[in-house]
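Structural overview for review
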Amino acid sequence: MNETTPAPGRTPTPIVVTGGTGTLGRLVVKRLLAAGVPVRVLSRSIPDAAARRPGVEYVAADLEQGDGIGAAVAGVDTVVHLAGSGTGDELKARNLVHAASAAQVKHLVYISVVGADRIPVVTKTDRNMFGYFEQKRAAELVVAESGIPHTTLRATQFDELVWLVAGVMAKLPVIPLPRGLRAQPVAAADVADHLVPLALGAPAGLVPDVAGPRVYDAAELLRGYLRAVGKRRPIVRIGLPGRAAKAMLGGANLSPERAVGTRTWEEVVAEQVGQRAVEDGDAELPGIGRRGGGRSRTTGRPVKAGR
Ligand SMILES: NC(=O)c1ccc[n+]([C@@H]2O[C@H](COP(=O)([O-])OP(=O)(O)OC[C@H]3O[C@@H](n4cnc5c(N)ncnc54)[C@H](OP(=O)(O)O)[C@@H]3O)[C@@H](O)[C@H]2O)c1
C-alpha cells in the first residue's frame, strides 16, 4: 500500500528513510523536508492520515519478511536506513541491501550503535543480554560489504530509550542494576542533526560517533527518572556474567571523546518535572513513550533494553 501526500515544487527524487515513523526517523524526516528534500518513508505500518506529513510518501514494506522493499527503493539515489528493533537487524540490512543494489542506489546511510564492534557476543548468555549489539555489527558489515557507497554513524543510547527503560524498571518494587554500568545518553534530535548532513553529503564510510554530553552511572540516570516521576525505589547493584557484560561494564558502549550531544540528562529530567507540574503527572517528552509505558509509540511493542 502506498499513501502519498504530494508536495508542490519538490524535486522528483526522494530520499528513502526506513523507519521514518520511529523516534529518530520522524526527526530525520522533519529535517530533510526542511532542507527541501522530498522523502519516502518505509515502515511496516503507515501512519493515520492525520499523522502524515505533507511532502512525504509512505510505503509499507517489511524488511524482515522482504515484502515491498523493491518498490520502496525504486528510482532513488539515497537510502537512510534507520528501521531497527531488538532483534533481526542483520536480516533487515541484508534484504534492504539486496533491493538497493538492484535499484542501483548510490548512497546508503546506516545508523548503528556505539559498542557494536567492541562487545563480544559469543555465548548464549552474552546473546540474551547483548544480542542487539551483535546484530548491529552484523548489519554494519552487510552495509560495508554491499558494494553500495555508504556512510555509517554510531550513536549511544537515546534519551528517549533510557527514559522508557527507566519506566519499565521503576515498575519493580526493588530495582536490580548492574554494578558499574554506565551510559552516555544522547537526544535523538542531536543524532538527527548529525545524520541529515551525512545523508545530504557524499558517502563517507564509518564516521565519528555521536554521543551524549556526559557519561553517567546508570543509578544516576535512574534516580533522575524516579525524581521526575515522584517515585522512590531501592536500587540493588548486581553482577553480570560473561565477556559481553565485561566489555559493556568496561565502557564499550561509551564514546567520551565524541560527547557532541547537547541535551544533558539533568535537562531531560528538568523538562519532565516542569511538564509534570502543569500536566498533572501525565508528561511525555517528544518522542518519549508515556512514563513507565515501556512500549514503542510507533509499534506498540515492548521496548528491549540495550537499544
Ligand atoms: N534507541 C536508541 O537508543 C538507539 C541507539 C543507537 C542506535 N539506534 C538505532 O537507531 C534506529 C532507530 O531507533 P529508534 O529508537 O528511533 O527506533 P523506533 O522508534 O523503535 O522505530 C523503529 C522504526 O523501524 C520500523 N521498523 C521496525 N521493524 C521493521 C521492519 N521489519 N520493516 C520495516 N520497518 C521496520 C518501525 O516502523 P514499523 O513498526 O511500522 O515497521 C519504526 O519506524 C535503529 O536502527 C536503532 O538500532 C537506536
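Please refer to the structure higher up on the page.
Read on for an overview of the structure. (Residues numbered from 1 in each chain as written. Predicted model: local features only at pLDDT ≥ 70, side-chain atom pairs only at ≥ 80, totals over all residues. Heavy atoms only, no water.)

**Considering the overall build of the protein**
To keep things clear, this is the line we draw: Each helix is a run of H or I in the DSSP string that is no shorter than four residues. Each strand is a run of E no shorter than two, and both are numbered from the N terminus. Relative accessibility thresholds used throughout: buried, under 20% of the residue-type maximum; exposed, over 50%; partly exposed, between the two (1.4 Å probe, protein chains only). Contact criterion: two residues are considered in contact whenever any of their non-hydrogen atoms come within 4.5 Å of each other.
Looking only at helices and strands, the protein has nine helices and twelve strands in total. Out of the 307 residues in the protein, the part that is buried amounts to 51%. In the protein, once contacts between residues fewer than 6 apart in sequence are set aside, the share between residues at least 24 apart is 76%.

**With respect to the packing of helix α1 (residues 23-34) against helix α6 (residues 188-200)**
Going by this rule: Here the axes come from fitting lines to C-alpha atoms, over the contacting stretch only for helices, and the angles between their N-to-C directions go from 0 to 180 degrees. Note that the term roughly parallel is reserved for angles under 35 degrees, roughly antiparallel for angles over 145, roughly perpendicular for angles of 65 to 115, and oblique for everything else. For a crossing to be left-handed, the near helix must be turned anticlockwise from the far one by less than a right angle; the clockwise case is right-handed.
The geometry of α1 relative to α6 is characterised by a closest axis approach of 9 Å and an angle of 50° between their N-to-C directions. The angle between α1 and α6 falls in the class oblique. The chirality of how α1 crosses α6 is right-handed. In this structure, α1 contributes Thr23, Leu24, Leu27, Val28, Arg31 and Leu32 to the contact, and α6 contributes Ala188, Ala189, Val191, Ala192, Asp193, Leu195, Val196 and Leu200.

**Considering the pattern of salt bridges**
Heads up, the condition is: Salt bridge criterion: a side-chain nitrogen from Lys or Arg within 4 Å of a carboxyl oxygen from Asp or Glu.
Overall, the coordinates contain 17 salt bridges when judged by the stated rule. Between Arg31 and Asp193 there is a salt bridge; the shortest N-O distance is 2.6 Å. Taken together, the residues span a long stretch of sequence, with Arg31 in helix α1 and Asp193 in helix α6 at a distance of 162 residues. Judged by its relative accessible area of 41%, Asp193 is partly exposed.

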